Amino acid sequence: MKILISGITGQDGYHLSKMLLDEGHSVHGIVRRNSQKTYGALEYDRELINKLEFYYGDVTDKSSLDLIFKTVKPDMVFHLAAQSFVQESWSNPEVTYDVNIKGTLNMLNSFREYTPEARFYNACSSEVYGKVSDDIQNEESRMWPRSPYGISKLAAMWTCINYRESYNLFVSNGILFNHESPFRGVEFVTRKISLAAARIKLGLQDELKLGNMDAMRDWGYAGDYVRAMYMMLQANEPDDFVVATGESHSVQDFVEAAFGYLDLDYKQYVSTDPKYLRPAEVQYLRGDASKAKEKLGWKPSITFKGLVELMVKTDLERLSD
Ligand code: NAP
Ligand code: G4F
């Protein structure tokens, strides 16, 4: 099958394109032109880059998407492109809305015009739950986003549902809880911690400053989560699914596990800095993926401790090479 991925240069784009190539598909990705001609997370794997087809485009530019849809004629579309950093969504709310809401609308319109028989995955987020009202969140839980990013993801998700219901399209939303890997962007808290712990171990850095260490997240492994995306597009019917581990840990837990793995006492290195605090915080997330388990047969494969160790070990190896 021909697969089109927006956001292919991100963490999930890396894991998804690798998995789809292994499944025997031909994988086509939308990339934004940049002055350095870098391929983001894909840069870790030159061999992978050589197996992919790239097209310059931007989800805020519908004419670029039209051309790509006409050229590729995909059987499956994974729409991952987003301004995905929650903190940045307060300093760049217009860009966040343009890329995440209008960008999704543009993708849906090109999809509907050129490949209405194909299947479309939209990357929604647990940030839509925001100020949670349940101890564990499922597809029915109240949604109360707490950032421009969360609001944009809620609007994009409902746009997808509306297109599915209005035009009888195969469009599914994955409401994915946080998922991480050694390919995670360095500004997100897990990778910021794993990289800092490795650098401190090697004497390349002597402190780590963080924001709210009491925030709790349901952290899973990105490789497992892209498998869930693929399963959603192989189902008989389009639908919306929570993908999560069902466990919640604090940022402090992550710090302790990462530094502990390297036999470092985190108290000597880690402190808080108000500049990393958010105007409104999502304090707690824990997802219930029962529907994905029952209907798709999906389950996670890596534990919290296993994930932390994988990230720290990989950063240490990369720095030692
Ligand atoms: P990521 O690493 O930040 O990747 C974002 C991707 O979007 C990059 O390839 C980026 O390209 C691309 N992009 C940004 N603006 C674009 C534009 N205007 N036109 C075209 N491409 C654009 O994010 P991720 O962690 O892989 O997440 C993938 C998707 O899942 C995102 O939609 C995110 O919001 C959502 N999500 C992620 C998580 C998570 O925990 N990772 C959880 C729930 C939902 P550049 O390389 O050019 O910047
Ligand atoms: O790693 P984070 O920046 O991820 P956040 O905000 O949960 O968003 C990620 O997961 C969402 C799914 O729920 C995705 F939709 C979204 O695209 C992204 O992938 O922050 C996690 C927590 C927050 O509570 C934050 O306040 O860690 C806290 N934190 C504490 N110190 C920090 C820091 N976050 C960052 N980035 N940097 C810090 O120094």
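The residue numbers shown here count from 1 along each chain, following its written sequence. Just so you know, chain letters begin at A and ligand numbers begin at 1, following the order they were written in. Residues qualify for local features only when their pLDDT is at least 70, as the model is predicted, and side-chain atom pairs are given and counted only at 80 or more; totals for whole chains, interfaces and linings, by contrast, use all residues. Water and hydrogen atoms were dropped before computing side-chain values, which therefore reflect all heavy atoms in the structure.

**Student:** Tell me about the site of ligand 1, residues and numbers included.
**Tutor:** By convention in these notes, a residue is near a molecule or strand provided one of its non-hydrogen atoms lies within 4 Å of it. Every one of the 24 residues lining ligand 1 counts as a neighbour, but T9, R32, L80, S84 and Y149 are closest to it. Contacts to ligand 1 include S84, whose side-chain N or O atom sits 2.6 Å from an oxygen atom. Working definition of accessibility: Shrake-Rupley area with a 1.4 Å probe, residue cover restricted to the visible protein chains. Taking 900 Å² as the accessible area of ligand 1 by itself, protein coverage stands at 87%. Where the shell around ligand 1 is concerned, the elements lending two or more residues are α1 (11–22), β5 (119–125) and α6 (148–167). By the convention adopted, Pro, Cys, Tyr, Trp, Phe, Met, Ile, Leu, Val and Ala count as nonpolar, Lys, Arg, Asp and Glu as charged, and the other residues, Gly among them, as polar. In terms of residue class, the shell around ligand 1 is built from 11 nonpolar, 8 polar and 5 charged. Counting of polar contacts relies on pairs of N or O atoms within 3.5 Å, with two restrictions inside protein: one atom must be capable of donating a hydrogen and the other of accepting it, and residues adjacent in sequence are counted only when both atoms are side-chain atoms. The helix and strand labels rest on DSSP assignments: H or I over at least four residues marks a helix, E over at least two residues marks a strand, and numbering proceeds from the N terminus.

**Student:** Account for the packing of aromatic side chains, naming residues and giving values.
**Tutor:** Two rings from Phe, Tyr or Trp (for Trp, the six-membered ring) form a pair when their centres are within 6.5 Å of each other. A pair whose planes differ by under 30 degrees is stacked, one over 60 is edge-to-face, and the rest are tilted. Within the structure shown, the criterion is met by 13 aromatic pairs. Centroid distance Y39 to F54: 4.6 Å. Interplanar angle 35°. Geometry classified as tilted. With a gap of 15 residues between them, Y39 in the loop between β2 (26–31) and α2 (46–51) and F54 in strand β3 (residues 53–56) connect regions that are remote in the sequence. What links up through ring pairs into an aromatic cluster is the set Y14, Y44 and F183. Just above the ring of Y167 sits the side chain of R112; from NZ or CZ to the centre is 3.5 Å. For the cation-ring pair, R119 lies above F170, with the distance from its terminal atom to the ring centre recorded as 3.9 Å. A ring has a charge above it when a Lys NZ or an Arg CZ is no more than 6 Å from the ring centre and no more than 35 degrees off the ring normal.

**Student:** Before we move on, can you summarise the sheet that holds strand β4 (residues 76–79) with the specific residues and values?
**Tutor:** Strand order across the open sheet formed by 7 strands is β3-β2-β1-β4-β5-β6-β11, with parallel pairing between neighbours. The sheet terminates laterally at β3 and β11 (240–243), the two strands that pair on one side only. Shown here is a sheet whose adjacent strand axes are inclined to one another by a mean of 20°, direction ignored. Note that strand β1 (residues 2–6) and β2 share 5 bridges and pair parallel. Along β2, the bridge assignment pairs S6 with I30. Any pair of residues with heavy atoms lying within 4.5 Å of one another is described as a contacting pair. Lines fitted to the C-alpha atoms define the axes, with helices restricted to the stretch that makes contact. Angles between their N-to-C directions range from 0 to 180 degrees. Together, β5, β6 (170–176) and β11 form the strand contacts of α6, whose direction differs from that of β5 by roughly 155°. Strand pairing is defined by DSSP finding a minimum of two bridges between the two strands.

**Student:** Explain the domain arrangement of the protein to me, using residue names and the numbers behind them.
**Tutor:** The split into domains, and so the bounds of each, comes from an automatic or database assignment of domains. Domain annotation of the protein identifies domain 1 (2–179 + 221–243) and domain 2 (186–217 + 247–287 + 302–320). The interface is formed by 21 residues belonging to domain 1 together with 20 residues belonging to domain 2. Throughout, buried area stands for the accessible area (probe radius 1.4 Å) lost by two parts on being put together, summed over both. For the domain 1 and domain 2 pair, buried surface summed over both sides reaches about 1,900 Å², with 57% attributable to carbon and sulfur atoms. The rule for a salt bridge is simple: a side-chain nitrogen of Lys or Arg has to be within 4 Å of a carboxyl oxygen of Asp or Glu. For the interface between domain 1 and domain 2, the tally reads 2 salt bridges. A salt bridge links D135 to R286, with the shortest nitrogen-to-oxygen separation between them at 2.6 Å. Joining domain 1 to domain 2, the criterion identifies 6 residue pairs in polar contact (both at pLDDT 80 or more). Considered class by class, the residues forming the side of domain 1 that touches domain 2 number 10 nonpolar, 6 polar and 5 charged.

**Student:** Can you explain the nonpolar core? Please cite residues and give values.
**Tutor:** For our purposes a nonpolar core is just a set of buried Ala, Val, Leu, Ile, Met, Phe, Trp, Tyr and Cys residues, chained together by side-chain atoms within 4.5 Å. Three exposure classes are used, based on accessible area relative to the maximum for each residue type with a 1.4 Å probe and protein chains only: buried under 20%, partly exposed in between, and exposed over 50%. One finds I5, L16, L20, F78 and Y121 to be the most contacted residues of the largest nonpolar core, which totals 38 residues. Here this core gets 7 residues from one element, more than from any other, and that element is helix α8 (residues 222–234). When sequence neighbours within four positions are dropped, the list of residues in contact with Y121 reads V77, F78, H79, L80, S172, N173, G174, L176, M229, M232 and L233.

**Student:** So, the environment of K18: which residues are in play, and what are the values?
**Tutor:** Within the fold, K18 resides in helix α1. Separated by 24 residues in sequence, K18 and L42 place their C-alpha atoms 9.7 Å apart. Beyond its immediate chain neighbours, meaning those up to four positions away, K18 contacts D45 and L48.

**Student:** Which residues make up a nonpolar patch on the surface, and what values do they have?
**Tutor:** Where nonpolar side chains cluster on the molecular surface, the patch consists of L202, L204 and L319 and spans about 220 Å² of accessible area. Turning to its location among the elements, L202 is positioned in the loop between α7 (189–201) and β8 (208–210). For patches, a residue must show more than 30% relative accessible area and have no salt bridge; joins then use 9 Å for like charges and 5 Å for nonpolar side chains, namely Val, Leu, Ile, Met, Phe, Trp and Tyr.

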